Amino acid sequence: MTLNTPMPLTDVLSAYVAFNAEQGDVSEAQALLDDLLAVAGPGHNIRPGGSEAVSTAEIVRQARMDFVSFMEARHSVRQYDSNRTVAFEKIERAIRAAQQSPSSCNRQTCRVYAFTEKPSIARVLAHHDGNRGFGELLGGVFVVTVDLSHWNTVGERNQGWVDGGMFAMTLALGLHAEGLGACMLNWSAAREQDIKMRTCVGIPDNEIIITLIGFGHMRDEFRVPVSARKPIDMVLTHEPSLR
Ligand SMILES: Cc1cc2nc3c(=O)[nH]c(=O)nc-3n(C[C@H](O)[C@H](O)[C@H](O)COP(=O)(O)O)c2cc1C
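Since the structure is predicted, the reported quantities are computational estimates derived from the model, not experimental observations.

The rules behind these values
Residues numbered from 1 in each chain as written. Predicted model: local features only at pLDDT ≥ 70, side-chain atom pairs only at ≥ 80, totals over all residues. Heavy atoms only, no water. Near = heavy atom within 4 Å. Polar contact = N/O pair within 3.5 Å; in protein donor to acceptor, adjacent residues only side chain to side chain. Areas by Shrake-Rupley, 256 points an atom, 1.4 Å probe, with all protein chains shown as cover. Nonpolar A, V, L, I, M, F, W, Y, C, P; charged D, E, K, R; others polar. Buried < 20%, exposed > 50% of the residue type's maximum accessible area, 1.4 Å probe, protein only. Helix = DSSP H or I, 4+ residues; strand = E, 2+ residues; numbered from the N terminus. Pairing = 2+ DSSP bridges. Domains from an automatic or database assignment. Axes fitted to C-alpha atoms, helices over the stretch in contact; angles between N-to-C directions. Parallel < 35°, antiparallel > 145°, perpendicular 65-115°, else oblique. Left-handed = near helix turned anticlockwise from the far one by under 90°. Contact = heavy atoms within 4.5 Å.

1. Description of the site of the ligand
Item 1. Around the ligand sit 13 residues, and of these Ser-76, Arg-78, Gly-130, Asn-186 and Arg-229 come closest.
Item 2. In the environment of the ligand, a nitrogen atom lies 2.8 Å from a nitrogen or oxygen atom belonging to the backbone of Gly-130.
Item 3. One of the side-chain nitrogen or oxygen atoms of Ser-227 is found 3.2 Å away from an oxygen atom of the ligand.
Item 4. Coverage of the ligand by the protein chains reaches 62% of its 630 Å² of free accessible surface.
Item 5. Split by residue class, the shell around the ligand holds 4 nonpolar, 6 polar and 3 charged.

2. Section: the pairing of strand 3 (residues 180-185)
Item 1. Judged by how many residues are buried, strand 3 sits mostly within the fold: 5 of 6 residues are covered.
Item 2. The pairing of strand 3 with strand 4 (residues 207-217) spans 6 bridges and is antiparallel. When the bridges of strand 4 are listed, Cys-183 appears paired with Gly-214.

3. Some points on the domain arrangement of the protein
Where the parts come together, the accessible area they lose is often given as the size of the interface.
Item 1. According to the domain assignment, the protein consists of domain 1 (1-55) and domain 2 (66-216).
Item 2. Taking only C-alpha atoms, the centre of domain 1 and the centre of domain 2 are 33 Å apart.

4. Examining the packing of helix 5 (residues 88-99) against helix 7 (residues 159-177)
Item 1. Where helix 5 meets helix 7, the axes come as close as 8 Å, and the angle between the chain directions of the two elements is 140°. If you check the angle between helix 5 and helix 7, you find them oblique. Note on packing geometry: the crossing formed by helix 5 with helix 7 is right-handed. Packed against helix 5, whose contacting residues are Ala-94, Ile-95, Ala-97, Ala-98 and Gln-99, the element helix 7 presents Phe-167, Thr-170, Leu-171, Gly-174 and Leu-175 at the interface.
Item 2. Its residues assigned to classes, the contact of helix 5 with helix 7 shows 7 nonpolar, 3 polar and no charged.

5. Overview of unusual backbone geometry
Generally, phi is negative for residues other than glycine and the peptide bonds are trans, each holding for most cases.
Item 1. Its identity as a non-glycine residue notwithstanding, Cys-105 has a phi of 55°, on the positive side.
Item 2. In this structure, Gln-108 is a non-glycine residue whose phi angle is positive, near 50°.
Item 3. Note on placement: Gln-108 falls in the loop between helix 5 and strand 1 (110-115).
Item 4. We classify Gln-108 as partly exposed; its relative accessible area is 38%.

6. Remarks on the sheet that holds strand 2 (residues 140-147)
Item 1. Spatially, 4 strands are ordered 1-2-4-3 in an open sheet, and the strand pairing comes out antiparallel. Pairing within the sheet leaves two strands with one partner each, and these edge strands are strand 1 and strand 3. Neighbour-to-neighbour, the strand axes of this sheet turn through a mean angle of 25°, independent of strand direction.
Item 2. Packed on one face of the sheet, helix 6 (residues 118-125) meets strand 1, strand 2, strand 3 and strand 4 and runs near 55° to strand 2.

Rendered as structure tokens:
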């Protein structure tokens, strides 16, 4: 969501070079950029880049909601109205929300394989353990993956799990915001099981499966487990003494 008028269409590197030109010599960077733009050609897909001015007042206005209440109203749902199909627009909106998740260096490595047809849901869930008793009631299932080809150093080897986990959480909250129920479906799978799922869904080798998410329309009335949370002082340590 753009809070202000976006910058004129330019790309991130152009904006970077322009910014640094004010600080000093950018001839080397400019030459590299020119080479890049020459290779990309005039029709390359330029997205807005650079920076934009925002204000605290506008951010607070747009973000105003009772977020704790929103979170407390979320439950892992395992009782669905299996007769109702999930509108594709709701899925798109949830994905749009998830795309707003932060990602390391804005690499946006997450991918979602979405299934909403009963036969395909059943075929995907045949490779999953943990949906017994409700898998057949789901209105859809996402397979959330991360494309590892965006990282190249050893230190980044676990970044996909972080970015993927954050994306998956926002996706589940996006479904929640659309009035749908959702339940994370673990992918604690052994290699053979992982291969079967990859083959079934057509997931390339450069992607890892982060989690599945089952979702669908909730029934008018239903039950959820009481999943009490730990006392906050078991989670939060404020100002521990430093050594
Ligand atoms: C990574 C992950 C995997 C999960 N996998 C499953 C699963 O396979 N089946 C299931 O019924 N619930 C699964 N859950 C849901 C948890 O059981 C649930 O989040 C937890 O009990 C807390 O309940 P709540 O989500 O209703 O607050 C999973 C949750 C997470 C975060």
